Amino acid sequence: MLFQGNRKCLVLMAMLASACALLLSGCSTTPKSSGKVAAGKTGKVKVKKGGGYYLDDGPMDEVPDNLLEVPDAEPRVEKLASGPNKPYVVFGRTYTPMTQISAYRKKGVGSWYGKKFHGQKTSSGEPYDMFKMTAAHPTLPIPSYARVTSLETGKQVIVRVNDRGPFLSNRLIDLSYTAAYKLGYLEKGSGQVEVELLLPDEIERINLAKKDAGSPIEPKPVVVASAESGTQNAGATPVVVANEQKTASSASKAVSSGPAYYLQLGAYQQASNAQSYQAKFSLDWAHKLPSLEVVQTGDYYKLFAGPFNTLAEATQVVEEMKSMGTNSFVVRR
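The structure presented is a predicted model; accordingly, all values stated were derived computationally and were not measured. (Residues numbered from 1 in each chain as written. Predicted model: local features only at pLDDT ≥ 70, side-chain atom pairs only at ≥ 80, totals over all residues. Heavy atoms only, no water.)

A. Here's a closer look at the sheet that holds strand β15 (residues 300-308). Within the open sheet, the 4 strands sit side by side as β14-β15-β13-β16. Their pairing is antiparallel. The open sheet terminates on both sides in strands that have one partner only, identified here as β14 (292-297) and β16 (329-332). Within the sheet, the average angular offset between the axes of one strand and its neighbour, ignoring direction, is 45 degrees. Across 6 bridges, β14 lies against β15 in antiparallel orientation. Across the sheet, the residue bridging to E293 is F304, located in β15. Each of β13 (261-268), β14 and β15 touches helix α6 (residues 271-284); the most contacted strand, β14, lies at about 160 degrees to it. Sheet strands in contact with helix α7 (residues 311-323) are β13, β15 and β16, and its direction is about 40 degrees off that of β13. (Pairing = 2+ DSSP bridges. Helix = DSSP H or I, 4+ residues; strand = E, 2+ residues; numbered from the N terminus. Axes fitted to C-alpha atoms, helices over the stretch in contact; angles between N-to-C directions. Contact = heavy atoms within 4.5 Å.)

B. Fine view of the sheet that holds strand β9 (residues 173-176). Here 6 strands make up a closed barrel; going around it, the order is β5-β9-β6-β8-β7-β10 and the pairing mixed. Strand-to-strand twist across the sheet, computed as the mean angle between neighbouring axes with direction ignored, equals 45 degrees. As judged from the 4 bridges shared by strand β5 (residues 105-113) and β9, these two strands associate in the parallel manner. For W112, the partnering residue across the bridge sits in β9 and is L175.

C. Main features of the environment of V63. Positionally, V63 belongs in the loop between β2 (45-48) and β3 (88-90). What makes V63 buried here is its relative accessible area of 11%. For the pair formed by V63 and T178, sequence separation is 115 residues and the distance between their alpha carbons is 9.8 Å. (Buried < 20%, exposed > 50% of the residue type's maximum accessible area, 1.4 Å probe, protein only.)

D. Examining the packing of aromatic side chains more closely. Summed over all chains, the structure comprises 9 aromatic pairs. Ring centres of F131 and Y177 lie 5.9 Å apart, and the angle between their planes is 80 degrees; this geometry places the pair in the edge-to-face category. Pair noted here: F131 is in the loop between β5 and β6 (134-136) and Y177 is in helix α3 (residues 177-183), with a separation of 46 residues, a long-range link. As far as the burial class goes, F131 and Y177 line up, both buried. (Phe/Tyr/Trp six-rings, centres within 6.5 Å; stacked < 30°, edge-to-face > 60°.)

E. Broad picture of the pairing of strand β7 (residues 144-150). Counting buried positions along β7 yields 7 of 7 residues, so the element is predominantly enclosed. Residue alternation in β7 divides its side chains into two sets, S144, A146, V148 and S150 and Y145, R147 and T149, and both sets are buried. With 6 bridges connecting them, β7 and strand β8 (residues 156-163) associate as antiparallel partners. Each residue of the ladder has a partner; that of R147, found in β8, is I158. Connecting the antiparallel pair β7 and β8 is a turn made up of 5 residues, with G154 showing a positive phi of about 80 degrees.

F. Representation of the confidence of the model for the protein within the structure. Of the residues in the protein, 67% reach a pLDDT of 70 or more, and the chain-wide mean stands at 73. Per-element confidence in the protein is highest for β6, whose mean pLDDT is 97, and lowest for strand β12 (residues 240-241), whose mean pLDDT is 30. Within the model, the stretch residues 2-53 combines pLDDT values under 50 with 115 contacts to residues more than four positions away or in other chains. Scored below 50 in pLDDT, residues 214-257 shows 64 contacts in the model against residues more than four places distant or in partner chains. (pLDDT = per-residue confidence, 0-100.)

G. Spatial organisation of the layout of surface pockets. Here the largest pocket is characterised by a volume of approximately 450 Å³. Considering the residues around the largest pocket, the lining is formed by 20 residues, among which K155, F281, G325, T326 and N327 are closest to the centre. At the level of elements, α3, β13 and α6 are the ones that each hand at least two residues to the lining of the largest pocket. In terms of residue count, α6 provides more of the lining of the largest pocket than any other element does, 4 residues in total. Taken together, the residues of the lining of the largest pocket break down into 9 nonpolar, 6 polar and 5 charged. Empty space within the second largest pocket amounts to approximately 380 Å³. For the second largest pocket, the lining is made up of 21 residues, of which I206, V318, K322, S328 and F329 are closest to its centre. Elements that contribute at least two residues to the lining of the second largest pocket include exactly β8, α4 (200-211), α7 and β16. (1 Å grid on protein atoms, 1.4 Å probe; cavity = no way out; pocket = protein on both sides within 12 Å on 5 of 7 lines; lining within 4 Å. Points joined across faces, edges and corners; volume = space filled by probe spheres on them. Nonpolar A, V, L, I, M, F, W, Y, C, P; charged D, E, K, R; others polar.)

H. Examining the nonpolar core more closely. Residues L140, V148, V159, L175, Y177 and V195 are the most contacted members of the largest nonpolar core, which totals 40 residues. Breaking this core down by element, the ones donating at least two residues are β5, β6, β7, β8, β9, α3, β10 (190-197) and α4. No other element matches the 5 residues that α3 contributes to this core. Ignoring anything within four residues of it in the chain, the contact list for V159 reads A73, M133, T134, A135, S144, Y145, A146, V148, L175 and A179. Judged by nonpolar contacts, the second largest core, of 22 residues, contains F281, W285, L289 and L311. (Core = buried A, V, L, I, M, F, W, Y, C linked by side-chain atoms within 4.5 Å.)

I. Highlighting the pattern of salt bridges. Under the criterion given, the structure shown has 10 salt bridges. R76 is paired through a salt bridge with E78; the nearest N and O atoms lie 3.9 Å apart. On the accessibility criterion, R76 (47% relative accessible area) is partly exposed. (Salt bridge = Lys/Arg side-chain N within 4 Å of Asp/Glu carboxyl O.)

Right, here's the structure in full:
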């Protein structure tokens, strides 16, 4: 799995006589029967035996409890490594990594890698830890940070890209065991995802939000979505009841002071999925979230909560939701 970007690895690969032997050394290992992994109410991961998602790979017999509580990677602007970002050849195909942090967003199949590579060196030279929030990608800069969104569940994580792979043409990214678990595709081995490289300005915004998390928070109105919210057209602002006067006042205050802060709770390919989660969040988080709305952006239906009057207020809710196993992030609209 781990392409370390060094001559020794390339020479070894060139000496392998058959495609079968090659598959034993890279991310392009052919999947076999998958082990079953399920999470109980406590967040403890229970592993059922049955093989791995890559040849001779899979989960360990015992894994840490409460993987949902593992924090996302903390993005920062780092100096790019030289070796891992040079062009390289695997299985007769040339890969040319990005040599600067620039716009990148792509959809494809996400997979994961586990115990077979745990503790081995990644392309960055760091040891692979399947329980941290990292990823392998064929061309994204090393190191860099990416937001990965499950197109099936709407869940999102931030990972640190520090490795090369996968090398199967139909796969976009290999996540760590924990990252795949948090996105919800660990059990089946792969899932449809969108990968977006975090640019310096967004990294700065994320870090600023964390610094402001300790600021005083004003009381928030309780807003409950109406019964019709699950059947509205995508893109329409949901009808809300309870404390309407306070909600309107909060919204007008945010508008008067410029762009407001919102939480993005998910991105979905189907409007019906977005509306279902809209109704769920309205019930489960009515005490914390202002009005919820589904907005169509390109091919996605994004679920937003807001507006929040301050960045600190929005960030506080993000942290509270994360402690309950729900990921979100702050955006300005």
